[in-house]
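A structural walkthrough
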Amino acid sequence: MIPQLPNGGTAIFECFDHAMLGSTVPFNAISIETLHPGIAAGDLVAFRMPHSPADTWVKRLIGLPGDSVELVDGKLVINGAVVAAVPVDDYPLLHEKAARLPLVRETLANGRSYSIVPDQPGSAIANLDLTVVPARSLFVLGDNLPNSIDSRSESMFGFVPIVNLIARVTTMEA
């Protein structure tokens, strides 16, 4: 999750009640609004991996149920609108003193803003066909797009079921 959550950084999470209690939720009651009031696109969330529930991952929530998501030559498009992206700086890699990654500040339609390492135009993963997020599911992306396993990869990852959400990141420290 570089650059928002650097290696060795610390995050504080707001845990969701159903995740802490290990409760089962009636299938007809599953919705983002009932299980996770206040959660929004742009939040960093912790969740159980869809294909490996024992593993917990942290990614950025990009698409809610019913949203359309696509990547066009590295540019994020949500519900038909290109997400504003402005170059901001470079991020130094800790293990390569001379190497720096370009950073872009994305701002979603809801006003949420965050920095990412963008995909390089023309790369194999810089494009994603128009995808509609199914009911009871979420679409997540890593902030270091060229090196992220996320919802773009159906075979390894795919959509995150809403019931797999564990927590929202509230505070981060380097």
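Please refer to the structure placed before this passage.
Analysis parameters
- Residues numbered from 1 in each chain as written.
- Predicted model: local features only at pLDDT ≥ 70, side-chain atom pairs only at ≥ 80, totals over all residues.
- Heavy atoms only, no water.
- Helix = DSSP H or I, 4+ residues; strand = E, 2+ residues; numbered from the N terminus.
- Buried < 20%, exposed > 50% of the residue type's maximum accessible area, 1.4 Å probe, protein only.
- Contact = heavy atoms within 4.5 Å.
- Areas by Shrake-Rupley, 256 points an atom, 1.4 Å probe, with all protein chains shown as cover.
- Pairing = 2+ DSSP bridges.
- Core = buried A, V, L, I, M, F, W, Y, C linked by side-chain atoms within 4.5 Å.
- Salt bridge = Lys/Arg side-chain N within 4 Å of Asp/Glu carboxyl O.
- Polar contact = N/O pair within 3.5 Å; in protein donor to acceptor, adjacent residues only side chain to side chain.
- 1 Å grid on protein atoms, 1.4 Å probe; cavity = no way out; pocket = protein on both sides within 12 Å on 5 of 7 lines; lining within 4 Å.
- Points joined across faces, edges and corners; volume = space filled by probe spheres on them.

Remarks on the overall build of the protein
- A tally of regular secondary structure across the protein gives two helices and 13 strands.
- Among the 174 residues that make up the protein, the fraction classed as buried is 44%.
- Of the contacts made within the protein by residues no fewer than 6 positions apart, 62% connect residues no fewer than 24 positions apart.
- Accessible surface, the protein: about 9000 Å² in total, of which carbon and sulfur atoms supply 56%.

A few points about the sheet that holds strand E4 (residues 68-72)
- Ordered by their spatial adjacency, four strands build an open sheet running E6-E5-E4-E10, and the pairing between neighbours is antiparallel. Looking at which strands have only one partner, the edges of the open sheet turn out to be strand E6 (81-82) and strand E10 (128-132).
- With three bridges connecting them, E4 and E10 associate as antiparallel partners. For Val69, the partnering residue across the bridge sits in E10 and is Thr131.

Things to note about the nonpolar core
- By size, the foremost hydrophobic cluster in this structure holds 16 residues, and its most contacted members are Ile62, Leu76 and Phe139.
- Taken together, the elements giving at least two residues each to this core come down to E4, strand E5 (75-78), strand E9 (113-116) and strand E11 (137-141).
- Those residues in contact with Leu76, other than ones at most four positions away along the chain, are Ile62, Val69, Glu70, Leu71, Ala81, Val82, Val83, Glu106, Tyr114 and Leu141.

Concerning the pattern of salt bridges
- Under the counting rule described, the total for this entry stands at five salt bridges.
- Asp143 is the salt-bridge partner of Arg60, the closest N and O atoms lying 2.8 Å from each other. Here Arg60, found in strand E3 (residues 52-63), pairs with Asp143, found in the loop between E11 and strand E12 (160-161); they are 83 residues apart in sequence, far enough to count as distant.
- For Arg60, a relative accessible area of 4% corresponds to the buried category.
- Measuring nitrogen to oxygen at the nearest pair gives 2.9 Å for the salt bridge that ties Asp119 to Arg152.

Observations concerning the side chain of Asp119
- With respect to the secondary-structure elements, Asp119 resides in the loop between E9 and E10.
- At 2.9 Å, the side chain of Asp119 and the side chain of Arg152 are in polar contact.

A closer look at the pairing of E11
- For E11, a buried count of five out of five residues is recorded, marking the element as mostly surrounded by other parts of the structure.
- The alternating pattern of E11 places Ser137, Phe139 and Leu141 and Leu138 and Val140 on opposite faces, both of which are buried.

Some remarks on the environment of Asp150
- The topology assignment puts Asp150 in the loop between E11 and E12.
- Spatially, the C-alpha atoms of Asp150 and Val140 are 6.1 Å apart, while their sequence positions differ by ten residues.
- Once you skip the residues sitting within four places of it in the chain, Asp150 turns out to touch Lys59, Val140, Leu141, Gly142, Leu145, Phe157 and Gly158.
- There is a polar contact of 3.2 Å between the side chain of Asp150 and the backbone nitrogen of Gly142.
- For Asp150, the side chain forms a polar contact with the side chain of Arg152, separated by 2.8 Å.

Quick word on empty space enclosed by the protein
- By the definition in use, this model includes one cavity of 30 Å³ or more.
- Taken as a whole, the largest cavity encloses approximately 50 Å³ of empty space.
- Around the largest cavity sit Arg60, Ile62, Leu76, Glu106, Tyr114, Ile116, Leu141, Gly142, Asp143 and Leu145, which together line it.
- Where the lining of the largest cavity is concerned, the elements lending two or more residues are E3 and E9.

What about unusual backbone geometry?
- Not every positive phi belongs to a glycine, and Asp73 is a case in point at roughly 50°.
- Structurally, the position occupied by Asp73 is in the loop between E4 and E5.
- For Asn79, which is not glycine, the phi torsion reads 50° and is therefore positive.
- Relative to the helices and strands, Asn79 is located in the loop between E5 and E6.

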